[in-house]
Amino acid sequence: MSEDREMSVDIALGKWRRQELSEIDVYRMTGLRSVAQLADAHIEMIDNERTAREDMMMTPEEHETEEILAQAYDSYGDLLREDPERLPDIIKAITENRRRLELKAAAQFNARRRGRSGGENVIAFPGR
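Our subject in this report is the structure included herewith. Please read all numbers here as calculations on a predicted model, not as lab measurements. (Residues numbered from 1 in each chain as written. Predicted model: local features only at pLDDT ≥ 70, side-chain atom pairs only at ≥ 80, totals over all residues. Heavy atoms only, no water.)

### With respect to the packing of helix 1 (residues 9-17) against helix 2 (residues 23-30)
Two elements in contact, helix 1 and helix 2, have axes separated by 10 Å at closest approach and are oriented at 170°. When the interaxial angle is binned, helix 1 and helix 2 end up roughly antiparallel. Residues V9, A12, L13 and W16 of helix 1 lie in contact with helix 2, whose contacting residues are E23, V26 and T30. Here the residues of the contact of helix 1 with helix 2 are counted per class, giving five nonpolar, one polar and one charged. (Axes fitted to C-alpha atoms, helices over the stretch in contact; angles between N-to-C directions. Helix = DSSP H or I, 4+ residues; strand = E, 2+ residues; numbered from the N terminus. Parallel < 35°, antiparallel > 145°, perpendicular 65-115°, else oblique. Contact = heavy atoms within 4.5 Å. Nonpolar A, V, L, I, M, F, W, Y, C, P; charged D, E, K, R; others polar.)

### A look at the side chain of H42
With respect to the secondary-structure elements, H42 resides in helix 3 (residues 35-57). A relative accessible area of 19% means that H42 is categorised as buried. (Buried < 20%, exposed > 50% of the residue type's maximum accessible area, 1.4 Å probe, protein only.)

### Focus on the pattern of salt bridges
Under the counting rule described, the total for this entry stands at nine salt bridges. Put simply, E20 and R18 hold a salt bridge, and the shortest N to O gap is 3.1 Å. On the basis of relative accessibility, which here comes to 53%, the residue R18 falls in the exposed class. R99 serves as the salt-bridge partner of E102, at 3.4 Å between the closest nitrogen and oxygen. Of this pair, E102 and R99 both sit in helix 5 (residues 87-114), three residues apart, roughly one helical turn. The exposure class assigned to E102 is partly exposed, which follows from its relative accessible area of 44%. Among the residues examined, R99 registers a relative accessible area of 34% and is labelled partly exposed. (Salt bridge = Lys/Arg side-chain N within 4 Å of Asp/Glu carboxyl O.)

What follows is the structure, encoded as structure tokens:
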């Protein structure tokens, strides 16, 4: 291939896998400099594709469970490393807090929609 333009690693690797680009073309077009970098990029691309397929097959409930687990470990990772048995309590607390915030947001939305929040601008017209 005679083009010297840059190409994303994923696109170049896809073309390489389909034998549309040589290994040298992949190096030249992506900036990769070694077989190790090429292998790492290839493994990462395969993992990303697998993760994307798994993500698309997940239900909304599974997405929420995954988000809650991620939040638990992001917020309480140190505590969970010391005491992993606290995970169910932390998940319960996060879930309850999410539900409380969702209910509060829904109530505020409904109140605004009905004009009862007091937070919106109201123009008072003088009576006739």
